[in-house]
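Summary of structural features
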Amino acid sequence: QVQLVESGGGSVQAGGSLRLSCVVSGDAYRRTCVGWFRQAPGKEREGVAALYTGGGSTVYADSVKGRFTISQDNAKNTVYLQMNSLKPEDTAMYYCAASRCSGGPLLSSAYNDWGQGTQVTVSS
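Residues numbered from 1 in each chain as written. Predicted model: local features only at pLDDT ≥ 70, side-chain atom pairs only at ≥ 80, totals over all residues. Heavy atoms only, no water.

In this section: the overall build of the chain. When its secondary structure is counted, the chain shows one helix and eleven strands. Along its sequence from the N terminus, the chain presents helices and strands in the succession β-β-β-α-β-β-β-β-β-β-β-β. By the compact-globule yardstick of 14 Å for 124 residues, the chain fits well, its C-alpha radius of gyration being 13 Å. If one aligns the C-alpha atoms of the chain with their principal axes, the spans along those axes are about 40 × 30 × 25 Å. Within the chain, contacts between residues at least 6 apart in sequence are counted, and of these 56% link residues at least 24 apart. Put simply, the chain shows about 6400 Å² of open surface, and 44% of that area lies on carbon and sulfur atoms. Averaging the positions of the 11 positive and the 9 negative side-chain charges in the chain gives two centres separated by 4 Å. (Helix = DSSP H or I, 4+ residues; strand = E, 2+ residues; numbered from the N terminus. Rg over C-alpha atoms; globule rule 2.2 N^0.38 Å. Contact = heavy atoms within 4.5 Å. Areas by Shrake-Rupley, 256 points an atom, 1.4 Å probe, with all protein chains shown as cover. Lys, Arg positive; Asp, Glu negative; His and termini not counted. Charge placed at Lys NZ, Arg CZ, Asp CG, Glu CD.)

Laid out in structure tokens, this is it:
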């Protein structure tokens, strides 16, 4: 079991940017897959981006490619989600989660440990 804490959510106008942070417990950070997921009211939870902390490999949902970037700071055990060119449809609660990298990187069912979430609201 690992601990994850998200931060960085807020309100922004369409076209703006936000950077989300996810701090992962130190003992579990290495060789962990960390994913960002989002869920809007009435919608299913969807995978946004994921990163393998051991090597930095990344994967993105088609809906955010070219706009979002996932990255890490190993010294801080932190994974970031830089969100640029935000759209109203990006509005959702964003969660980070950790897995043992044995399942699909953008599938919620593959992740065992979850943060509490941070709200992102994009206005027109």
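In this section: the state of the cysteines. Evaluation of the coordinates by the stated rule reveals two disulfides. Between the sulfur of Cys-22 and that of Cys-96 lies a disulfide, 2.1 Å long from S to S. Linking Cys-22 and Cys-96, the disulfide has an S-S dihedral of approximately 70° and is accordingly described as right-handed. Taken together, the residues span a long stretch of sequence, with Cys-22 in strand S3 (residues 18-24) and Cys-96 in strand S9 (residues 92-99) at a distance of 74 residues. (Disulfide = S-S within 2.5 Å.)

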